[in-house]
Amino acid sequence: MLNSALMKAEQVPHLQGRDIRNLFLNYWEELERNPGCIDLGMGMPPLSMFENLLSASSKSAITSSNWRVEYQHQAGDKKLRKAIAQFEETNAKGICTAENIMMTSGALRAFSLVLECLVQEDTKIVEIVPTYPLSAGQVRMIVSNERITTVVPKDTDTFQFSFDELAPHIRPSSIIYLTNPNNPTGKYITSDLLEKVVEACTRNGAYLVIDQASDIPLSDVIGDVSFLSSPYVIRIRSLAKNYLLAGLRLGYIVAHPHLIELFSKSFSFSDGNAPCAANDAVIDYVSDPK
């Protein structure tokens, strides 16, 4: 008898009392917990089920076409997340695992998803100008102007802000977002300043969202820090910009595992899951970006 991994909640002891939505969102975890299950619920069944029915030429044709008809976990394919985590660990300080990574359909969608998940009734969003106009637009689509605090640096030559200018706004109900390097100035935030901001946000329970979508490492800025020990820091990366894959709406979030779980459970397939067809290409690319 074939057992579907998407069984009734009362049939799985540790899922009793949880609704069917949670069971759906934990579909892939259930498959891993129950290796005897055959995946019939999410997209097409695996090709291996039909191997004995296919001719040699059919197998060859399907294999050569890079068979990609299945859905994948809301956070992205596990192998891809592991490859990107290894890339992050190599290029940033701190241990990074697949549980720290979530794939998204572009960096901007990652930003809006983070806001949708973290904004509460008393949330204040803090922005530092100048900033990326589309990020500012996303903020204003989610909260009213009265809930937005805009910090204008006193330095009007380079628009570099100081810690003292931002510190009064680092509160438990705050979400602070910034771009690093800044978009549109292209200026990087110094490591010392960024570490001060991260420490203050972690101490005060304020979320810090760092958009690194334009970080093409052609400058002398090296030794990036992952900040994965903080449950309040979210970094957003773009494969289009970082790895020169322009036009491919594919990005990822780097954050504490409990945040990744929150984001992935709030993500909907209707948003456009990160494309499965890109998985192998991106794995090859981050494994050997030269």
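The structure this text deals with has already been given above.
These numbers come from a predicted model, not from an experiment.

Asker: Looking at this model, I keep getting lost on the overall build of the protein. Mind explaining?
Answerer: When its secondary structure is counted, the protein shows 11 helices and 9 strands. Among the 290 residues that make up the protein, the fraction classed as buried is 44%. Here the contacts in the protein between residues at least 6 apart in sequence split such that 69% fall between residues at least 24 apart. Only carbon and sulfur atoms are counted for the fraction: they give 54% of the accessible area of the protein, which is about 15,100 Å².

Asker: Just checking my understanding: could you explain helix H10 (residues 257–266) for this structure?
Answerer: Turn by turn, an α-helix covers 3.6 residues, leaving residues three or four places apart pointing in a common direction. By the burial criterion, the buried members of H10 are Leu259, Ile260, Phe263 and Ser264. Mapping the buried residues of H10 onto a view down its axis gives an arc of 130°, with all of them on the same face. The inward-facing, buried residues of H10 abut helix H4 (78–91), strand E2 (101–104), helix H5 (107–118), strand E6 (207–211), strand E8 (233–238) and strand E9 (251–254).

Asker: What exactly am I supposed to notice about the packing of aromatic side chains here?
Answerer: Evaluation of the coordinates by the stated rule reveals 2 aromatic pairs. Measuring from centroid to centroid gives 5.3 Å for Tyr207 and Tyr232, while their planes differ by 50°, and the two rings are tilted. A residue pair is termed long-range when its members are at least 10 positions apart, and Tyr207 in strand E6 and Tyr232 in the loop between strand E7 (224–225) and E8 qualify at 25 residues.

Asker: Looking at this model, I keep getting lost on the sheet that holds E9. Mind explaining?
Answerer: Within a sheet, neighbouring strands are paired by backbone hydrogen bonds and run either parallel or antiparallel to one another. Spatial ordering of the open sheet is given by E2-E9-E8-E6-E5-E3-E4, a layout of 7 strands whose pairing is mixed. Each having just a single partner strand, E2 and strand E4 (148–151) make up the two edges of the open sheet. Sheet twist, expressed as the mean angle between neighbouring strand axes with direction ignored, is 20°. Of the pairings in the sheet, the one linking strand E3 (residues 124–128) to strand E5 (residues 174–179) comprises 4 bridges and is parallel in character. By the bridge assignment for E5, Val126 is matched with Ile176.

Asker: What's the story with H5 in this structure? I'm lost.
Answerer: When the terminal C-alpha atoms of H5 are compared, their 17 Å separation across 12 residues agrees well with the 16 Å that a helix rising 1.5 Å per residue should span. Buried within H5 we find Ala107, Arg109, Ala110, Phe111, Ser112, Leu113, Val114, Leu115, Cys117 and Leu118.

Asker: Even after reading the chapter, I still don't get the packing of H5 against H10, so can you show me in this structure?
Answerer: Each pair of packed helices can be described by the angle between their axes along with the distance between the axes. Interhelical geometry of H5 versus H10 gives an angle of 100° and a closest axis separation of 10 Å. Judged by the inter-axis angle, H5 sits roughly perpendicular to H10. Taking contact as the criterion, the partners of Leu113, Val114, Cys117 and Leu118 in H5 are, on H10, Leu259, Leu262, Phe263 and Ser266. Split by residue class, the contact of H5 with H10 holds 7 nonpolar, 1 polar and no charged.

Asker: Would you take a moment to explain the pattern of salt bridges for this structure?
Answerer: Any two side chains of opposite charge can pair, so long as their charged atoms come close to each other. Within this structure, the stated rule accounts for 7 salt bridges. In this structure, the salt-bridge partner of Glu199 is Arg203, at a minimum N-O distance of 2.3 Å. Of this pair, Glu199 and Arg203 both sit in helix H8 (residues 191–204), separated by 4 residues, roughly a single helical turn. The network of salt bridges with common partners includes Glu88, Arg235 and Arg237.

Asker: For this particular structure, what's the right way to read unusual backbone geometry?
Answerer: Most peptide bonds take the trans form, and the phi angle of most residues other than glycine is negative. With an omega of 0°, the peptide bond running from Val129 to Pro130 counts as cis. Here Asn180 and Pro181 are connected by a cis peptide whose omega angle stands at 5°. Take Pro181: it is sitting in the loop between E5 and H8. Positive phi outside glycine occurs at Phe159, with the angle close to 60°. Counting through the fold element by element, Phe159 comes out in the loop between E4 and helix H7 (163–166).

Cut-offs used in this document
Every chain is numbered on its own, with residues counted from 1 as its sequence reads. This being a predicted model, a pLDDT of at least 70 is required before a residue's local features are given, and a value of 80 or more before pairs of side-chain atoms are given or counted; all residues contribute to the totals for chains, interfaces and linings. In computing side-chain properties, one takes all heavy atoms of the structure into account and sets aside hydrogens as well as water. Helix and strand labels come from DSSP, where a helix needs a run of H or I of at least four residues and a strand needs a run of E of at least two; each type is numbered from the N terminus. Per-residue accessibility, obtained with a 1.4 Å probe over protein chains only, is compared with the maximum for each type, and a residue is labelled buried under 20%, exposed over 50%, and partly exposed between these values. Here, two residues are considered to be in contact whenever any of their heavy atoms come within 4.5 Å of each other. We get accessible surface area from the Shrake-Rupley algorithm with a probe of 1.4 Å; when it comes to residues, only the shown protein chains can shield them. To be clear, the arc concerns the directions from the helix axis to the C-beta atoms. Side-chain rings of Phe, Tyr and Trp, where Trp is taken by its six-membered ring, are said to pair if the distance between their centres is within 6.5 Å; with planes under 30 degrees apart they count as stacked, over 60 as edge-to-face, and otherwise as tilted. Two strands make a pair as long as DSSP finds a minimum of two bridges between them. Here the axes come from fitting lines to C-alpha atoms, over the contacting stretch only for helices, and the angles between their N-to-C directions go from 0 to 180 degrees. The length a helix should cover is 1.5 Å for every residue beyond the first. If an angle is under 35 degrees, it is roughly parallel; if it is over 145, roughly antiparallel; if it lies from 65 to 115, roughly perpendicular; otherwise it is oblique. Three classes are used: nonpolar for Ala, Val, Leu, Ile, Met, Phe, Trp, Tyr, Cys and Pro, charged for Asp, Glu, Lys and Arg, and polar for all others, with Gly counted as polar. One side-chain nitrogen of Lys or Arg within 4 Å of one carboxyl oxygen of Asp or Glu is enough to make a salt bridge.

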